[in-house]
Amino acid sequence: MAIEIYNTPTKKKQIFTPLNEGKIGMYVCGVTVYDMCHIGHARSMIIFDVIARFLRKKGFQLTYVRNFTDIDDKIINKANQEGKPFNEISELYIKEFYTDMETLKVKRADKEPKATEHITQIIDLVKTLIEKGLAYESSGSVYFDVSKFKGYGKLSSRKQEDMIAGARVDINEAKDDPLDFALWKISKPGEPWWESPWSKGRPGWHIECSAMSTHYLGPTLDIHGGGRDLIFPHHENEIAQSEGAYGKEFVRNWVHNGFVTIDNEKMSKSLGNFLTIRELTKEHHPETLRLFLLSSHYRSPIDFSKDAIHTARGSLLRFYETLDRVASAPKTAKEPRLKTLLNEFDEKFDAAMCDDFNTAKAIAHIHDLTTGINRTIDANPEIADDDIQSLNASISTISEILGILEEAPKKFIDAHKRSGLVEIGITDKEIKEMIGKRLEAKKAKDFKKADEIRNSLLAKGIALKDTPSGTVWEKV
RNA sequence: GGCGGCAUAGCCAAGUGGUAAGGCGACGGUCUGCAAAAUCGUUAUUCACCGGUUCAAAUCCGGUUGCCGCCUCCA
């Protein structure tokens, strides 16, 4: 099935065809490493992780490049505040980034270039832009002359006149025009610097992405991604730089993800609702976070709340419980009973992913599959070996693409049960004893006592379930 | 002030021309000592509002209202 992807400048879904058949070059704007990553970063990283996984699964030879901005005003500020060299800050947060990504099961990109390691390419690109008359040097800094690039604004659907009318751009005397942006910044005393033809200085923010993407993927990228907020000015400026320098279409398909809000408010440090990945992964299973973030379409905004995460956890548990039912079903059926269901699922799941990476729809199909399996087992618990194999194949596709359902069902269910027992102030052993006492009461037909025991546990957040194979408990 | 996006049930959320996916919640049935889980059924004659195009509109066009984002660092 053909893959359709929404393209930001055309505002339409279009059939995706890479420049070179079978090969895809994808560049995603990574993070500026000056602080811990938050749930918004998690969303972006997970979405592009899923896109990369899916494209590979579809058989494309993908080269995925995701950069680190490791030199920047914010990094310098932080370094000054803490009295440390800037690279100590950037290195620390790169390390923390990797820790978080590993927890979230976000795979590494093929190339993860850092701006500071590509100063040569950056300087070459700036030189080219000056030679072409698209950039000018002023007081040791170099600026891109926006008026010389006719396509400026095509990504973000803005006209240059409108932007000037906006007049909320800062006034910098070195610039010819407020819309012009820095390619190279002369360094102030005490700031880090690199030698260049213009000054001891450092690259502007936008230039690194143009320089590094071309270095690793060539002048035309099949896919370029990042958060919505990067559309303007960052990506608009990248287009100006790259198309200005190389005269070729820079990006065939722009992909931008929506924001995460918290209880319907934008995340910000001043509001104090800044949720770091580190805090979240302490409390929630990574698959719960992934499922939550993937349960809305990537372009839509998504609101983080206790309720929403609770729902995601419930869904995940439902999936695992069904898988566990299948695993513990007698393998005595002669004929496969899940085949049609699974074939249908495989097709629909693929179709959903091909449709602009519609993970929300894909997850709905997992729910349908779960219902179908439960229904089949309810009617008759026997399962054929063939069914197990087909199901495993479908589940491993889900795992490979979405990065969920990778755990052994029993293990996941048990871990879920045990999580939070400490806070409740009860041990596994104590619960088992209570269950034993209740069983005795039940045998003696003392249902009043049995119910008392069950209710007292429920009050603590432990629910009991009587199953054919005995009583089990779980955390509410 | 400029530009852009969004508005689907109690809540979350798919659906971009062919007659409203999925989840949570709620209610009723099966199962159970009773529950829980699972399952079955019910839960939007209707997609913010007003016009228009069309045989046909949640989907396209125009307008109104509301919310959000970007224009300064930002996933």
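Placed above this text is the structure.
Since the structure is predicted, the reported quantities are computational estimates derived from the model, not experimental observations.

**Notes on the pattern of salt bridges**
- Following the criterion strictly, the structure yields 34 salt bridges and no others.
- D222 is paired through a salt bridge with R252; the nearest N and O atoms lie 3.6 Å apart. Taken together, the residues span a long stretch of sequence, with D222 in strand β9 (residues 221-227) and R252 in strand β10 (residues 251-257) at a distance of 30 residues.
- Here D222 falls in the buried class, since its relative accessible area comes to 5%.
- For R252, a relative accessible area of 23% corresponds to the partly exposed category.
- Taken together, the shared-partner salt bridges connect D73, K185, E191 and R202 into one network.

**Observations regarding the packing of helix α1 (residues 39-57) against helix α13 (residues 385-402)**
- For the pair α1 and α13, interaxial distance at closest approach is 7 Å and the crossing angle is 130°. The angle between α1 and α13 places the two elements in the oblique class. Note on element contacts: α13 touches α1 through T397, S399, E400, I401 and L402, opposite V50, R53, F54 and K57.
- Among the residues making up the contact of α1 with α13, the classes are represented as four nonpolar, two polar and three charged.

**With respect to the packing of aromatic side chains**
- Applying the stated criterion to the full structure yields 16 aromatic pairs.
- Seen in terms of ring centroids, Y152 and F232 are 6.4 Å apart; in terms of plane orientation they differ by 70°. Their pairing is edge-to-face. Separated by 80 residues along the polypeptide, Y152 in the loop between β6 (141-144) and α5 (160-166) and F232 in helix α7 (residues 231-246) bring together distant segments of the chain.
- By relative accessible area, Y152 is classed as buried at 5%.
- Classification of F232 by relative accessible area gives partly exposed; the value is 23%.
- Centre to centre, the rings of F250 and W254 are 6.0 Å apart; their planes meet at 65°, and the pair counts as edge-to-face.
- Under the relative-accessibility criterion, W254 is labelled buried at 3%.
- Following the ring pairs from residue to residue traces out a cluster consisting of F54, Y298 and F357.
- Its guanidinium or amino end placed over the ring of Y6, R299 lies 3.8 Å from that ring's centre, counting from NZ or CZ.
- The lysine or arginine in question, R299, covers the ring of Y298, its NZ or CZ lying 5.8 Å from the ring centre.

Conventions and cut-offs
- Residues numbered from 1 in each chain as written.
- Chains lettered and ligands numbered in written order.
- Predicted model: local features only at pLDDT ≥ 70, side-chain atom pairs only at ≥ 80, totals over all residues.
- Heavy atoms only, no water.
- Salt bridge = Lys/Arg side-chain N within 4 Å of Asp/Glu carboxyl O.
- Helix = DSSP H or I, 4+ residues; strand = E, 2+ residues; numbered from the N terminus.
- Buried < 20%, exposed > 50% of the residue type's maximum accessible area, 1.4 Å probe, protein only.
- Axes fitted to C-alpha atoms, helices over the stretch in contact; angles between N-to-C directions.
- Parallel < 35°, antiparallel > 145°, perpendicular 65-115°, else oblique.
- Contact = heavy atoms within 4.5 Å.
- Nonpolar A, V, L, I, M, F, W, Y, C, P; charged D, E, K, R; others polar.
- Phe/Tyr/Trp six-rings, centres within 6.5 Å; stacked < 30°, edge-to-face > 60°.
- Lys NZ or Arg CZ within 6 Å of the ring centre and 35° of its normal.

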